[in-house]
Every structure is written in structure tokens, then in C-alpha cells.
Amino acid sequence: MSKLILASLLAVCCSAHAADLTIHVDGVTSAEGNVMVAVYNSADTFLAKPLRAVQAPAQNGAVDVKVTDLPAGDYAFAVYHDANANGKMDRNMVGVPTEDYAFSNNAFGKRGAPRFEDARIALPADGAITAVNLR
């Protein structure tokens, strides 16, 4: 019986610190492919090694993507519409993305991606909802 109580307490303890991040993605131009999201938890890993990657089927107009069970803290994310469902961000010959994309806070970089600090959002323990517009 004590093992059952301990397991229950651990489950309650661990789930109390998990937060969900819901990302409302506007500007999805077709129902083809998937909306891909990569979540990062530091400037060192930003755009190189995501903490979590999730996807949702594309829908013309807008898509909500939910990232579950994240510890409260600071994050940044990148999102793109993988319209041809090949699992990667397509680029032209000079490296410019040819599929629509966005970053948290709708952040822009001067020549390329924004800095983690510009895209950083705070995720409280009770979760958050944020929105971005694909471009």
C-alpha cells in the first residue's frame, strides 16, 4: 500500500510542475502538409538543438499547436508550414526560406533569424497561449 501512495504522490508532484504552451499560428495558406514547431530553452541551443519538436496537420487559415509538459521557464520557438510534407524547411539557392515561417514574439532578425533574447517568451507554471503570424 505504501508503494501506491508514494507513486501517487510522485505523479502529483511531477505533473504540478509541467506547463502546456499553446501556439496559435495564423497565416497558414493551405491545408497541405504540416505546421512544424521547434521549442528551444537557451540561446546556446536556439535553432540548433530543440528541446521539443511537435507538428500538427495544416489547415487553411490558422492552426493551434500544443506543446505539453514543459517546465516553467523561458523559451523561444520557430514554426514553419511544411507545405510539401518533406520534413524540412525548404530554401532557395541562396538559403532564403521558401516556406512560410515565424518565430515566437513574431521576432525578426536583421539578416536571418532573430536572437533567442528577441524571441524569448516566459512560460508560467499554469501554461500559456501565444500567437504568431507566418510570413
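In this report, we go over the structure that sits alongside the text. Since this is a predicted model, take the numbers as computed values, not measurements.

Reading the values: rules and limits
Residues numbered from 1 in each chain as written. Predicted model: local features only at pLDDT ≥ 70, side-chain atom pairs only at ≥ 80, totals over all residues. Heavy atoms only, no water. Helix = DSSP H or I, 4+ residues; strand = E, 2+ residues; numbered from the N terminus. Buried < 20%, exposed > 50% of the residue type's maximum accessible area, 1.4 Å probe, protein only. Contact = heavy atoms within 4.5 Å. Areas by Shrake-Rupley, 256 points an atom, 1.4 Å probe, with all protein chains shown as cover. Salt bridge = Lys/Arg side-chain N within 4 Å of Asp/Glu carboxyl O. Core = buried A, V, L, I, M, F, W, Y, C linked by side-chain atoms within 4.5 Å. Pairing = 2+ DSSP bridges. Axes fitted to C-alpha atoms, helices over the stretch in contact; angles between N-to-C directions.

1. Considerations on the overall build of the chain
Part 1 of the reasoning: Counting secondary structure elements, the chain contains two helices and eight strands.
Part 2 of the reasoning: Out of the 135 residues in the chain, the part that is buried amounts to 33%.
Part 3 of the reasoning: The long-range share in the chain, meaning contacts at least 24 apart out of those at least 6 apart in sequence, stands at 70%.
Part 4 of the reasoning: Split by element, the accessible area of the chain, about 8000 Å² in all, is 56% carbon and sulfur.

2. Brief notes about the pattern of salt bridges
Part 1 of the reasoning: The full count for this structure, using the stated rule, is three salt bridges.
Part 2 of the reasoning: A salt bridge links Asp-20 to Lys-66; its shortest N-O distance comes to 3.9 Å. With Asp-20 in strand β1 (residues 18-28) and Lys-66 in strand β4 (residues 61-71), this residue pair connects regions lying 46 residues apart in the sequence.
Part 3 of the reasoning: A residue is classified by how much of its surface remains accessible, and Asp-20, at 29% relative accessible area, is partly exposed.
Part 4 of the reasoning: One salt bridge in this structure joins Arg-115 and Asp-118, with 3.2 Å as the shortest N-O distance.
Part 5 of the reasoning: You can call Asp-118 partly exposed: its relative accessible area is 36%.

3. Here we look at the nonpolar core
Part 1 of the reasoning: Of all hydrophobic cores here, the largest spans 22 residues; its most connected members are Leu-21, Ile-23, Val-25, Val-35, Phe-77 and Val-79.
Part 2 of the reasoning: Among the elements that take part in this core, β1 stands out by supplying five residues, more than any other.
Part 3 of the reasoning: In contact with Leu-21, other than residues within four places in its own chain, are Val-65, Lys-66, Val-67, Leu-70, Phe-77, Ile-121, Leu-123, Ala-128 and Thr-130.
Part 4 of the reasoning: One finds Tyr-40, Ala-78, Ala-107 and Ala-119 within the second-largest nonpolar core, a separate group that totals nine residues.

4. A word on the sheet that holds β4
Part 1 of the reasoning: The three strands lie next to each other as β4-β1-β8, forming an open sheet whose pairing is mixed. The open sheet has two free edges, formed respectively by β4 and β8 (128-133), since each of these has just one partner strand. Neighbour to neighbour, the strand axes of the sheet diverge by 20° on average, direction disregarded.
Part 2 of the reasoning: Sheet analysis places β1 next to β8, joined by six bridges and oriented parallel. By the bridge assignment, Val-25 is partnered in β8 with Val-132.

5. Some thoughts on the environment of Ala-58
Part 1 of the reasoning: Considering the arrangement of structural elements, one finds Ala-58 in the loop between β3 (52-57) and β4.
Part 2 of the reasoning: On the basis of relative accessibility, which here comes to 7%, the residue Ala-58 falls in the buried class.
Part 3 of the reasoning: Residues Ala-58 and Ser-30, 28 residues apart in the sequence, show an inter-C-alpha distance of 6.9 Å.
Part 4 of the reasoning: Ignoring anything within four residues of it in the chain, the contact list for Ala-58 reads Val-28, Ser-30, Ala-31, Glu-32, Gly-33, Asn-34, Val-35, Val-63 and His-81.

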